[in-house]
Amino acid sequence: MPSIDLPDAEAQCAELAELIRPHLRPGTLLVGIHSGGVWVARRLRDLLAQASDIGLIDVSFYRDDYGERGLHARVKPSSMPFDVEGRPLILVDDVLYTGRTTRAAINELFDYGRPASIQLAVLADRGRRELPICADFCPWRVQLDSAQELILSADSDGRLRWSVAENA
């Protein structure tokens, strides 16, 4: 499999913030999907000078393949420190791939109320959608072999970094 040049994830966060900035509406709230999306949402909150806390979503129980995959070992609690009813939301994730994680997150969001709108912001879109979902904001579109996985991690100093796992 050919190697791929991976961009600077921190620079991508800044680029993503600039893509979002002209479209921010009053009262817009950020909601990150654990774990990479939460890291990115925190960066966006700071870069966009958003005063409110971010929402945190873990979609483990909302996945349509839960029966096949079982409970993920790193389940984190979801937390919505605000009322989503009638509010514009930006759902944030690190990678958009099949669309199943995004669908699960939207299902969970509606358990908290009915937002005015939901837009999707991701650092990377790797295509191969299985559901009709697309990102509203995305600085990087990348094609990988289906056996490769794009992984966002946080270094010990908190800096975000991309890697690719083979045979995922």
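The structure we're discussing is the one just above.
Described in the following lines is the structure provided in the data block. (Residues numbered from 1 in each chain as written. Predicted model: local features only at pLDDT ≥ 70, side-chain atom pairs only at ≥ 80, totals over all residues. Heavy atoms only, no water.)

### What to know about the overall build of the protein chain
Condition: Numbering of helices and strands starts at the N terminus; helices are DSSP runs of H or I of at least 4 residues and strands are runs of E of at least 2. The reference for a compact globule is 2.2 Å times residues^0.38; the radius of gyration itself is calculated from the C-alpha atoms. Burial here depends on accessible area, computed with a 1.4 Å probe over protein chains only, as a share of the maximum for the residue type. Under 20% is buried, over 50% is exposed, and the range in between is partly exposed. Pairs of residues are marked as contacts when any of their non-hydrogen atoms sit within 4.5 Å. Here, Shrake-Rupley sampling with a 1.4 Å probe gives the accessible areas, and only protein chains in the shown set may cover a residue. A positive count includes Lys and Arg, and a negative count includes Asp and Glu. His and the chain ends are not counted in either. In plain terms, the charge of a residue is placed at NZ if it is Lys, CZ if Arg, CG if Asp and CD if Glu.
Counting its secondary structure elements, the protein chain contains four helices and six strands. Each helix and strand of the protein chain, ordered N terminal to C terminal, gives the series α-β-α-β-α-β-α-β-β-β. Its C-alpha radius of gyration of 15 Å places the protein chain within 12% of the 15 Å reference for a compact globule of 168 residues. Oriented by its inertia axes, the alpha-carbon framework of the protein chain measures out at about 45 × 40 × 35 Å. A buried classification covers 42% of the 168 residues belonging to the protein chain. Contacts in the protein chain between residues at least 24 apart in sequence constitute 68% of all its contacts with a sequence separation of at least 6. Of the roughly 8700 Å² of accessible surface on the protein chain, 48% is carried by carbon and sulfur atoms. In the protein chain, 19 side chains carry a positive charge and 25 a negative one; their mean positions are 2 Å apart.

### Notes on helix α4 (residues 100-111)
Put simply, the test is: What a helix is expected to span follows from its residue count: subtract one and scale by 1.5 Å. Arc, as used here, means the arc of the directions from the helix axis to the C-beta atoms.
The first and last C-alpha atoms of α4 sit 17 Å apart over twelve residues, in line with the 16 Å expected at 1.5 Å per residue. Residues of α4 that are buried: Thr102, Ala104, Ala105, Glu108 and Leu109. Within α4, the buried residues cover an arc of 160 degrees as seen down the axis, which keeps them to one side. Buried-residue contacts for α4 involve β1 (29-33), β2 (55-57), β3 (88-96) and β4 (117-125). Just beyond α4, the residue with positive phi is Gly113, at close to 140 degrees.

### Overview of helix α1 (residues 9-20)
Filter applied, for reference: What qualifies as a polar contact is a pair of N or O atoms within 3.5 Å, subject to a donor-acceptor requirement within protein and to the restriction that residues adjacent in sequence count only when both atoms come from side chains.
Across its twelve residues, α1 extends 16 Å between first and last C-alpha, which sits within 8% of the 16 Å expected from 1.5 Å per residue. Residues of α1 that are buried: Ala9, Glu10, Gln12, Cys13, Leu16, Ala17 and Ile20. Each buried residue of α1 sits inside an arc of 155 degrees when the element is viewed along its axis, so together they form one side. Contact partners of the buried residues in α1: α2 (36-47), β3, β4, β5 (149-154) and β6 (160-165). You can read the cap of α1 off the contacts: a side-chain oxygen lies 2.7 Å from the backbone nitrogen of Glu10, and it is on Asp8.

### Re the nonpolar core
Our working definition: In plain words, nonpolar cores are sets of buried Ala, Val, Leu, Ile, Met, Phe, Trp, Tyr and Cys residues tied together by side-chain atoms within 4.5 Å.
Membership of the largest hydrophobic core comes to 27 residues, with the highest contact counts inside it found for Leu16, Ile20, Val40, Leu44, Val92, Leu150 and Trp162. Breaking this core down by element, the ones donating at least two residues are α1, α2, β3, β4, β5 and β6. Looking at this core, the element that brings in the most residues is α1, giving five residues. Setting aside anything within four residues of it in sequence, one finds Leu150 in contact with Leu6, Val95, Ala124, Arg126, Trp140, Val142, Leu144, Trp162, Ser163 and Val164. Counting residues in hydrophobic clusters, the runner-up holds 19 residues, among them Ile57, Val59, Ala104 and Cys138.

### A word on the environment of Arg42
Inspection of the secondary structure puts Arg42 in helix α2. Take Arg42: its relative accessible area is 36%, and that puts it in the partly exposed class. Separated by twelve residues in sequence, Arg42 and Leu30 place their C-alpha atoms 8.6 Å apart. Apart from the residues lying within four places of it in its own chain, the contact partners of Arg42 are Ile54 and Leu56.

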